[in-house]
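# Structural characterization, general
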Amino acid sequence: MGYLEEMLIRNGVIYHAPDGTSSYIEGSLVSNTLVVRDSSGWVTHRIERASNGVDLVVRNVSTGLVETRVKI
């Protein structure tokens, strides 16, 4: 498990439920970003480069708000 995935699990963006469902990170060819999909395949979050060009931000798709930053 990579650093990014561990950070997203700690912040509750990625989950592994007891019933076997889970969310996962996937690359997006359309917008050249990473996305987080839930167990149904819906995009819940986008992972983008921050305005400083170094960090990553995790943006909730439904609200458009930044939920967490990942320091690289």
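Here the structure is shown first, and the text comes after it.
One structure accompanies this document, and this report is about it. (Residues numbered from 1 in each chain as written. Predicted model: local features only at pLDDT ≥ 70, side-chain atom pairs only at ≥ 80, totals over all residues. Heavy atoms only, no water.)

## Some details on the pairing of strand β4 (residues 56-60)
- Burial runs high along β4: 4 of the 5 residues are buried.
- What sits between the antiparallel neighbours strand β3 (residues 43-49) and β4 is a turn of 6 residues, in which Gly53 has the positive phi angle 80°.
- Relative to strand β5 (residues 66-70), β4 runs antiparallel, the two being bridged by 4 bridges. Bridging from a neighbouring strand, Leu56 pairs with Val70 of β5. (Buried < 20%, exposed > 50% of the residue type's maximum accessible area, 1.4 Å probe, protein only. Helix = DSSP H or I, 4+ residues; strand = E, 2+ residues; numbered from the N terminus. Pairing = 2+ DSSP bridges.)

## What about the pattern of salt bridges?
- All told, the structure shown has 4 salt bridges when counted by the stated rule.
- For Asp55, the salt bridge goes to Arg69, with nearest N and O atoms at 3.8 Å. Taken together, the residues Asp55 in the loop between β3 and β4 and Arg69 in strand β5 connect sequence positions 14 residues apart.
- The exposure class of Arg69 is partly exposed, given its relative accessible area of 41%.
- Salt bridges sharing common partners tie together Asp55, Arg69 and Lys71. (Salt bridge = Lys/Arg side-chain N within 4 Å of Asp/Glu carboxyl O.)

## Side note on the nonpolar core
- Judged by nonpolar contacts, Leu4, Met7, Leu8, Val13, Ile14, Val36, Ile47, Leu56, Val58 and Val70 together constitute the single largest core of 10 residues.
- Residue assignment for this core shows that the elements contributing at least two residues are α1 (3-10) and β4.
- Tallying contributions element by element places α1 first for this core, with 3 residues. (Core = buried A, V, L, I, M, F, W, Y, C linked by side-chain atoms within 4.5 Å.)

## Some details on the pairing of strand β2 (residues 33-37)
- In this sheet, β3 lies alongside β2 in antiparallel orientation, the contact comprising 4 bridges. Paired with Val36 across the bridge in β3 is His45.
- Between β2 and the antiparallel strand that follows it, β3, lie 5 residues; Gly41 among them carries a positive phi value of about 100°.

All quantities given are derived from atomic positions and should not be read as evidence of function.
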